[in-house]
Amino acid sequence: MAISLSTSDLFIGATSERNTKDLLTRESEYEGIRGYLFFRKNLEKGYASLYNADVIRHVLNKMHLLLEDAWEIASFNTCKEVRILPITEALSGSTMGDEENLYIITNIEHFKGASTAFFRTVLKKFADEHNTREIAVLPSSIDEMLLVPHPEKVGDRHLLNDLVKSVNKADLTPEEFLSDQAYFVKF
């Protein structure tokens, strides 16, 4: 079965610096996490995704698309799919404690959506909506990140780092892992 790809299928994913083999990557503002280009095609039963660097270059060449233009298009496509939900809405029955101060940022497909936290304009809007000048960004997996408005209310920042480490250790495969630290974004 041949799959037809277009520029509307081009997105940015997030990966750990440890998992960049065969990917077209660039830095993000989060130490240890890189963005990468991939094609995502929605199918009747799931998704088809292409992320091998050689394949991506080949497809971009066939589309007569320069790499920098591809990054710009992928940024636009990824940014327009941002979805931020209170964790209680995203995970019904959650028992994490202070759920009203915890949000999931992902894409509408909840598929390789952690990169949605790369966009400062999105994070700034979120911070403004929560009347704060700082948010904590917690890497959760390649599919989402967690946002904490008013991280000063948590107390010791090391608690957030410890939370990220414990979730990573208990719940993630090496391919899903992004980073073992919380990031603090100021506006």
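From a predicted model like this one, the values you see are computed outputs, not experimental measurements.

### Structural notes on the sheet that holds strand β8 (residues 144-149)
Moving on, step 1. Read from one edge to the other, the open sheet built from five strands follows the order β5-β6-β8-β7-β9, with strand pairing classed as antiparallel. Two strands lie at the open edges of the sheet, namely β5 (82-86) and β9 (183-186), each paired on one side alone. Along the sheet, successive strands turn relative to each other by an average axial angle of 30 degrees, direction set aside.
Moving on, step 2. Strand direction decides the pairing type here: strand β6 (residues 103-107) and β8, joined by three bridges, are antiparallel. When the bridges of β8 are listed, I105 appears paired with M145.
Moving on, step 3. Sheet contacts for helix α4 (residues 120-129): β5, β6, β7 (134-141), β8 and β9; angle to β7, the most-contacted strand, approximately 120 degrees.

### Side note on the pattern of salt bridges
Moving on, step 1. In the structure shown here, the tally under the stated rule is seven salt bridges.
Moving on, step 2. A salt bridge links K21 to D22; the shortest N-O distance between them is 3.5 Å.
Moving on, step 3. According to the relative accessible area criterion, K21 is exposed, its value standing at 68%.
Moving on, step 4. With relative accessibility at 43%, the residue D22 sits in the partly exposed group.
Moving on, step 5. Across the salt bridge formed by R57 and D54, the nearest N and O atoms sit 3.7 Å from each other. Of the two residues, R57 and D54 are both situated in helix α1 (residues 53-62); the distance of three residues between them amounts to about one turn of the helix.

### So, empty space enclosed by the protein
Moving on, step 1. Using the criterion set out here, one finds one cavity of 30 Å³ or more in the structure.
Moving on, step 2. Reported here for the largest cavity is a volume of approximately 30 Å³.
Moving on, step 3. In terms of lining, the largest cavity is formed by F11, I12, F38, R40, T78, E81, N107, F111, K112 and S115.
Moving on, step 4. Mapped onto the lining of the largest cavity, the elements with two or more residues apiece are β1 (10-16) and β3 (33-43).

### Here's the deal with unusual backbone geometry
Moving on, step 1. Even without a glycine there, the phi angle at N131 is positive, about 50 degrees.
Moving on, step 2. Here N131 is to be found in the loop between α4 and β7.
Moving on, step 3. Judged by relative accessible area, which is 68%, N131 ranks as exposed.
Moving on, step 4. The phi dihedral of H150 falls on the positive side, at around 55 degrees, and the residue is not glycine.
Moving on, step 5. Here H150 is to be found in the loop between β8 and α5 (157-171).
Moving on, step 6. A relative accessible area of 15% places H150 in the buried class.

### Considering the side chain of S75
Moving on, step 1. Tracing the chain through its elements places S75 in helix α2 (residues 67-79).
Moving on, step 2. Its relative accessible area of 15% is what places S75 among the buried residues.
Moving on, step 3. Residues within four places of S75 in sequence aside, it is in contact with I12, R26 and F119.

### Regarding the pairing of strand β4 (residues 46-50)
Moving on, step 1. Where β3 and β4 come together, five bridges link them in antiparallel fashion. By the bridge assignment for β4, L43 is matched with G46.
Moving on, step 2. In textbook terms, the turn of a hairpin is the stretch between consecutive antiparallel strands, and for β3 and β4 this stretch comprises two residues.

### A few points about the confidence of the model for the chain
Moving on, step 1. Summing up the model confidence of the chain, the mean pLDDT is 91 and the portion of residues at 70 or higher is 93%.
Moving on, step 2. β4 is the least confidently modelled element of the chain, averaging 80 in pLDDT, while α2 averages 98, the highest of any element.

So, how was this worked out
Residues numbered from 1 in each chain as written. Predicted model: local features only at pLDDT ≥ 70, side-chain atom pairs only at ≥ 80, totals over all residues. Heavy atoms only, no water. Pairing = 2+ DSSP bridges. Helix = DSSP H or I, 4+ residues; strand = E, 2+ residues; numbered from the N terminus. Axes fitted to C-alpha atoms, helices over the stretch in contact; angles between N-to-C directions. Contact = heavy atoms within 4.5 Å. Salt bridge = Lys/Arg side-chain N within 4 Å of Asp/Glu carboxyl O. Buried < 20%, exposed > 50% of the residue type's maximum accessible area, 1.4 Å probe, protein only. 1 Å grid on protein atoms, 1.4 Å probe; cavity = no way out; pocket = protein on both sides within 12 Å on 5 of 7 lines; lining within 4 Å. Points joined across faces, edges and corners; volume = space filled by probe spheres on them. pLDDT = per-residue confidence, 0-100.

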